[in-house]
Amino acid sequence: MSDTMIASTGSADAPLSQPTHGVTLSDVAADKVRSLLEQEGRDDLRLRVAVQPGGCSGLIYQLYFDERLLDGDTTADFGGVEVVVDPMSVPYLDGASIDFEDTIQKQGFTIDNPNASGSCACGDSFH
């Protein structure tokens, strides 16, 4: 059996690959996440991105560190930063990009989401 054939068929004991999602994380945001994880002294956490009902426009974003990987979660790796999205949030976040701004006017993570058809005046929720 050739190496190519072995690599393509895998083994019964090989872990199944985790499905991916359409969220992207900028290099600046990935660097900030790595820095925050180093400050916490943790290397077992993932960045979870989720959409939850709430806010004045209907949906709010949630970004938080999570050590869990739940059934149906999708993942993507950005230079060692694993981003996890739950199955309910995937359609709302497909094509979204996460960046980090550090200016005199604003500091924090930003989400540019092509699926958001509008947002509230305070910018905390979308529909």
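Computed from a prediction, not measured in an experiment: that's the story for all the values here. (Residues numbered from 1 in each chain as written. Predicted model: local features only at pLDDT ≥ 70, side-chain atom pairs only at ≥ 80, totals over all residues. Heavy atoms only, no water.)

**A word on the environment of L63**
Residue placement: L63 occurs in strand β3 (residues 58-66). By relative accessible area, L63 is classed as partly exposed at 32%. Expressed as a C-alpha distance, the spacing of L63 and L47, which sit 16 residues apart in the sequence, is 6.8 Å. (Helix = DSSP H or I, 4+ residues; strand = E, 2+ residues; numbered from the N terminus. Buried < 20%, exposed > 50% of the residue type's maximum accessible area, 1.4 Å probe, protein only.)

**Remarks on the sheet that holds strand β1 (residues 24-25)**
Across the sheet, which stays open at both edges, the three strands sit in the order β1-β6-β7 with mixed pairing between neighbours. Only two strands of the sheet have a single neighbouring strand rather than two, namely β1 and β7 (107-112). The pairing of strand β6 (residues 97-102) with β7 spans six bridges and is antiparallel. Of the residues in β7, the one forming a bridge with F100 is F109. (Pairing = 2+ DSSP bridges.)

**Notes on the pairing of strand β2 (residues 46-54)**
The side chains of a regular strand alternate between both faces of the sheet. Note that β2 and β3 share nine bridges and pair antiparallel. Bridging across to β3, Q52 finds its partner in I60. Bridge count between β2 and strand β5 (residues 81-85): three bridges; the pairing is parallel. Of the residues in β5, the one forming a bridge with V49 is V85.

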